[in-house]
Amino acid sequence: ALQDIDPMTKSCHVISHFMAREALKKDPSNWKDLVGSVNVQACGSGFLHGVLEAHLGLNPSFKITPEFVDETCSKGVDPYRDRMCAHFIGHVALLEAEGDVDAALNTCRGIDSKLLSDCFNGLFMEDHQKLALAEHEISQLPDITKEYIKSLEQSCLKYNNAEGRACWSEMGEMYAKLYDYDVVKVFRSCYAAPAPYQEACYSKGVAILVTYPIERSSHQLNSICAPYAQPDSYKSCADHALSALFYYSPKFINRAITICLDSPQKDWCFNKTVKLLNSSVSAKEEREILCKDIPAEYKNSCIN
């Protein structure tokens, strides 16, 4: 309902953190049930992160252990939930290490190997943006300037393999912030990174560019994946963009429709959109409203 009033709230990750915090405060002993029941495919997993954040905040002596991560994140029922849980652990690892990246990396290395890259991503996201570090008065919020971005690039050059990939991946969002969500500048910046990490950087950039809730023209939305001329490369980019839209809010469906109308793989694109909507919105009456602008040939499958 709030997203219908204020479109900026479609970028709801931070809001959902605070909502989940308040929910847990009503019954702190209920944290495991909330971790299991919140919609992880909404607001960029912010509800899951908020529950874990509140649980740790209510237990100041908490320390990350492999046992806690296994118990909380390695459920095996929903791989996406497990990954987003590990992502949050990466943020917390840097908090525990009071901003010391190398010490926090050692914490991530102690968890299940299949969750390792997501832990690294969360760690470097926190290192680059410092939202939790600033809230806990460990660091100040950075000014996103060219000088600050340059310092992050120099830092990323120290890391290789999964750690290097995570560091450069999180640069995709930093370039978007620096260049005011300009698609061409984000793409060029990511593809100036070391070759093994260029795609990871722009992949994160794609998710940020497509979901940032400022007004977007048809040309701007379709330019996000336009650099990929090969069908497989384009499809991979578009798949990532569409998934990001619905992992934030199904009310982004009109952006998906705009992308699909001009897509070189139009039929695949609309079928993917319908599949994502059906997995994120269970109520038919809600889908009827959301599907009103989809082309007629996809409307039945969109609603039903």
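About the criteria used
Every chain's residues receive numbers from 1 upward, in the order its sequence appears when written. Local features in this predicted model are restricted to residues whose pLDDT is 70 or higher, and side-chain atom pairs enter the listing and the counts only when it is 80 or higher, whereas totals over whole chains, interfaces and linings include all residues. Only heavy atoms go into the side-chain values, all of them from the structure, while hydrogens and water stay out. Note on conventions: DSSP H or I runs of at least 4 residues are helices, E runs of at least 2 residues are strands, and numbering of each starts at the N terminus. Burial status follows relative accessibility: with a 1.4 Å probe on protein chains alone, a residue under 20% of its type maximum counts as buried, one over 50% as exposed, and anything between as partly exposed. We call two residues in contact when some of their heavy atoms are within 4.5 Å. When two rings of Phe, Tyr or Trp (its six-membered ring) have centres within 6.5 Å they constitute a pair, described as stacked for plane angles under 30 degrees, edge-to-face for angles over 60, and tilted for the intermediate range. Cysteine sulfur atoms are paired as a disulfide whenever they fall within 2.5 Å. As used here, the arc belongs to the directions running from the helix axis to the C-beta atoms. Salt bridges, as used here, are contacts in which a Lys or Arg side-chain nitrogen is within 4 Å of a carboxyl oxygen on Asp or Glu.

Colleague: So what exactly am I meant to see when it comes to the environment of Met84 here?
Modeller: Its location among the elements puts Met84 in helix α6 (residues 79-96). Looking at Met84, the relative accessible area reads 11%, which means it is buried. Measuring from C-alpha to C-alpha, the distance between Met84 and Leu48 comes to 8.0 Å, with 36 residues separating the pair along the chain. Residue contacts for Met84: discarding those within four places in its chain leaves Val40, Ser45, Leu48, His49 and Asp118.

Colleague: So what exactly am I meant to see when it comes to the environment of His240 here?
Modeller: Within the element layout of this structure, His240 appears in helix α16 (residues 231-248). Note on His240: relative accessible area 31%, which makes it partly exposed. It is 9.7 Å that separates the C-alpha atoms of His240 and Val210, two residues lying 30 residues apart in sequence. The contact partners of His240, leaving out residues within four places of it in the chain, are Ser203, Val206 and Ala207.

Colleague: Looking at this model, I keep getting lost on the packing of aromatic side chains. Mind explaining?
Modeller: Each pair of aromatic rings is reported with the distance of its centres and the angle of its planes. Summed over the entire model, instances satisfying the criterion amount to 11 aromatic pairs. On the basis of an interplanar angle of 20° and a centroid distance of 4.7 Å, the ring pair of Phe270 and Tyr298 is categorised as stacked. Taken together, the positions of Phe270 in helix α18 (residues 266-280) and Tyr298 in helix α20 (residues 296-303) put the pair 28 residues apart, joining distant regions of the chain. Through pairs of rings, three or more aromatic residues link up here, namely Phe187, Tyr191, Tyr202 and Tyr228.

Colleague: What am I meant to see in the state of the cysteines here?
Modeller: Disulfides are covalent bonds that link the sulfur atoms of two cysteine residues. On inspection of all chains with the given rule, the structure shows eight disulfides. With its sulfur 2.1 Å from that of its partner, Cys108 forms a disulfide with Cys119. An S-S torsion of about -75° defines the bridge between Cys108 and Cys119 as left-handed. Taken together, the residues Cys108 in helix α7 (residues 101-109) and Cys119 in helix α8 (residues 116-129) connect sequence positions 11 residues apart. With respect to class, Cys108 is no different from Cys119; both count as buried. Paired by a disulfide, Cys225 and Cys237 hold their sulfur atoms 2.1 Å apart.

Colleague: Honestly, helix α13 (residues 183-190) in this entry has me stumped. Any pointers?
Modeller: Three or four residues apart is the spacing at which side chains of an α-helix point the same way, because the helix has 3.6 residues per turn. When α13 is considered as a whole, its buried residues turn out to be Val183, Val186, Ser189 and Cys190. Projected onto a plane normal to the axis of α13, the buried residues spread over an arc of 135° and lie on a single side. Taken together, the buried residues of α13 touch α12 (171-178), α14 (198-211) and α15 (218-223).

Colleague: Explain the pattern of salt bridges to me, please; I cannot follow it from the model alone.
Modeller: Side-chain pairs of opposite charge can arise whenever the charged atoms involved come near each other. Per the stated rule, a full pass over the model turns up 14 salt bridges. Notably, a salt bridge pairs Glu53 with Arg21, separated by 3.1 Å at the nearest N-O pair. Here Glu53 is found in helix α4 (residues 46-57), whereas its partner Arg21 is found in helix α2 (residues 13-26), with 32 residues between them in sequence. Across the pair, exposure class does not vary: Glu53 and Arg21 are buried alike. The shortest N-O distance in the salt bridge between Lys204 and Glu173 comes to 3.4 Å.

Colleague: Could you clarify how one ought to interpret unusual backbone geometry in this entry?
Modeller: Excluding glycine, most residues fall at negative phi; most peptide bonds, likewise, are trans. With phi around 60°, Glu137 is a residue other than glycine that occupies positive phi space. Positionally, Glu137 belongs in the loop between α9 (131-135) and α10 (146-156). Using a relative accessible area of 74% as the deciding quantity, one classes Glu137 as exposed. Its identity as a non-glycine residue notwithstanding, Tyr181 has a phi of 60°, on the positive side.

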